[in-house]
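# Summary of the model geometry
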Amino acid sequence: MAQQRLALWNAEEDLEEDVDMTIALDGYSQNVQYEDSHIHQPQIDESTLLAMQQHMAQQAAFQQIPDVVKSFIVHFHQAVLDNNLAEITVAYESGWNKYTEKFYSKTEWPEAELIAPLVNDDPIFLILYRELYYRHVYSRLQPNIDDRFHSYENSCELFNYLLNSDGPVELELPEQWLWDIIDEFIYQYQVFCTWRSKVTSKTPDELMMLADGGPVWSSYSVLNVLYSLMQKSRVNEYIAAQREGKSAEEIAEIVGEYGQRPLYRMLGYFSIIGLLRVHVHLGDFTLGLKVMENVELNQKTPFTRVTACHVATYYYVGFCYIMLRRYPDAIRTFVTVLNFIMRMRQYHTRSYQYDQINKTADRMYALFAMCHALSPSRLDDNIANIAKERYGEQYAKMARGGPDALAAFEELFIYACPKFIIANPPPYDDPAAINALISTSADAESPTQSLPQTDSSHRHLDLFLADVAAQLPVPTLRSFLKLYTSLGAKKLANFLDADEEELVQEMMVLKQASRSISRVTGSEGSSLLDGQMITTSDLNFVIDENMVHIAESTIGRRYAGWFIKNTERTQKILDDLKNMPLPVASKTTGPASGSNPQPADGAGQNRPARSGQKVAWGGVKAA
């Protein structure tokens, strides 16, 4: 076998020797080079390259999302798909805030495009997710111009889905989330208008985007959304039908298929409150109360189920009454909601909006102090005492009147008033006008130039202070009139260092300040603008033949409120005592060797402490 293989190998060697390599390679010239020009290189345009890079960046960013956040988003999406209100509420009020504090307290949440694969590219959930995403940017971070524009586009997509779908949408959301959607929509509009009005701080790119922005965050579009939600839900017809006591079948026929859905009904309620807020921001206080004509301010109204909405409603209604010079109604409004906040304070601590509610309550105490100084009232001594404790110095100045009072009124007004906005934007579409405005603003920064006041808050402040300034002599005049039952006009004028003509003018101002339009008892169910002229002061006077006759009506102390307040306080102390653990005597150790044993029947367990030995609460020996 080995010999056969050797013969075969020898034969192969013979074949190699017989082959002429020159002939075999004759068809290939050694001078011919390999040409690769006929092979086409793959052409990748710039857009495709950018898309590939973006896709790779998204994959890397997706890997950075914590697994617990991915699981939370999947669970959240499933709850929305199932319309499971309980699960949605837990995920919205607890889960979202929990993971925000843990992972995204100082950074943005993942963009909607990143988490889209987790939710099967569900467009409705992505819209809701973006609503939460941009709300987080506005509250925790500093939004840029892209965030401002994109948040508006996302709001438009959400409201178009709700209003322009074929019939009511199959979506259920918690009432708290529905209110937050309306509240955040108005807040972003207010913030954008304030940012838009500051021309000098804009970059060239921002000026260009604002010039091409069109109706982004325009007052018309915001009002159109709120009025559309109110009309689509027929919430005013629903309130009227309930007030008339109609049956459920009749109400369903009146409100239609949209008004029967809790989603649209609550959006309609909250849109009414939103319209009140927008009209106040725009400075139309009468129209703000007009849109509330069908809403009753009591504990049975549906918006009271959301504490933040409840507090905001009373705040804006009370401020409208202040600007309409209806101080008794403003005081009554603030007292009602401030008492509610005090009673429910222990429950507010559980809410993620606890800080916001406290800030609004603090502003209302400041507004209450202003109203109480302008129209003294004994409606609620407890609220008045708290307001005096917080703003004692300002309240003393306002109550005394005089030149120092205006500064105190101005300080509290600027602190407690809503953030007014300018509805009309600067002319960004006119480069010449914008350049002229920027140059004027630059000149105004020099000491020799001054720019006209464009802050809407100061315009409303000037209107309010004009009314306050007319009433500054009133406290001094009241203090003199309280000392007499009749007094000569000339003598009173000498007290005030004024002539008789000026005295008559000041007394007419006092008479006007002591009268106001106010809602009277039994006016429930009527418009918030309705009311009767009443006397708000306990001091009345007439002028007859150069004599001033004074009549003072004293109001006795309201003992019922005093007893109720102290009864509630005593009940709280009793409840606290019942919930505290009973004191337990200190346990003695076992008998040591050679010592006297303790009684076996436990007679010494409740033995009082020896002289000089202190026993703390719970039986622990104090040092």
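Higher on the page you've got the structure.
In this report, the structure presented in the accompanying data block is examined. (Residues numbered from 1 in each chain as written. Predicted model: local features only at pLDDT ≥ 70, side-chain atom pairs only at ≥ 80, totals over all residues. Heavy atoms only, no water.)

This part is about the overall build of the protein. Regarding its fold elements, the protein presents 28 helices and 5 strands. Taken across its 623 residues, the protein has 39% of its residues classed as buried. By sequence separation, contacts in the protein at least 24 residues apart represent 69% of the contacts at least 6 residues apart. Accessible area for the protein stands at about 36,500 Å²; split by element, carbon and sulfur atoms hold 53% of it. (Helix = DSSP H or I, 4+ residues; strand = E, 2+ residues; numbered from the N terminus. Buried < 20%, exposed > 50% of the residue type's maximum accessible area, 1.4 Å probe, protein only. Contact = heavy atoms within 4.5 Å. Areas by Shrake-Rupley, 256 points an atom, 1.4 Å probe, with all protein chains shown as cover.)

Attention shifts here to the nonpolar core. Formed by 142 residues in total, the largest nonpolar core has its most connected members in Phe76, Phe409 and Phe464. In terms of residues, this core owes the most to one element, helix H16 (residues 307–323), which gives 13 residues. Not counting the four nearest positions on each side in its chain, Phe464 is found in contact with Ile322, Met323, Tyr327, Met370, Leu374, Phe409 and Phe413. In this structure, Leu481, Ala493, Leu539 and Ile550 belong to the second largest nonpolar core, which totals 15 residues. (Core = buried A, V, L, I, M, F, W, Y, C linked by side-chain atoms within 4.5 Å.)

Looking now at the packing of helix H14 (residues 262–282) against H16. At a closest axis distance of 10 Å, the pairing of H14 and H16 adopts a crossing angle of 40 degrees. Here H14 is positioned oblique relative to H16, judged by the angle of their axes. You can see that H14 and H16 cross each other, and the crossing is left-handed. In this structure, H14 contributes Phe270, Ile273, Leu276, Arg277, Val280 and His281 to the contact, and H16 contributes Cys309, Thr313, Tyr316, Val317, Phe319 and Cys320. When the residues that make up the contact of H14 with H16 are grouped by side-chain class, the tally is 9 nonpolar, 2 polar and 1 charged. (Axes fitted to C-alpha atoms, helices over the stretch in contact; angles between N-to-C directions. Parallel < 35°, antiparallel > 145°, perpendicular 65-115°, else oblique. Left-handed = near helix turned anticlockwise from the far one by under 90°. Nonpolar A, V, L, I, M, F, W, Y, C, P; charged D, E, K, R; others polar.)

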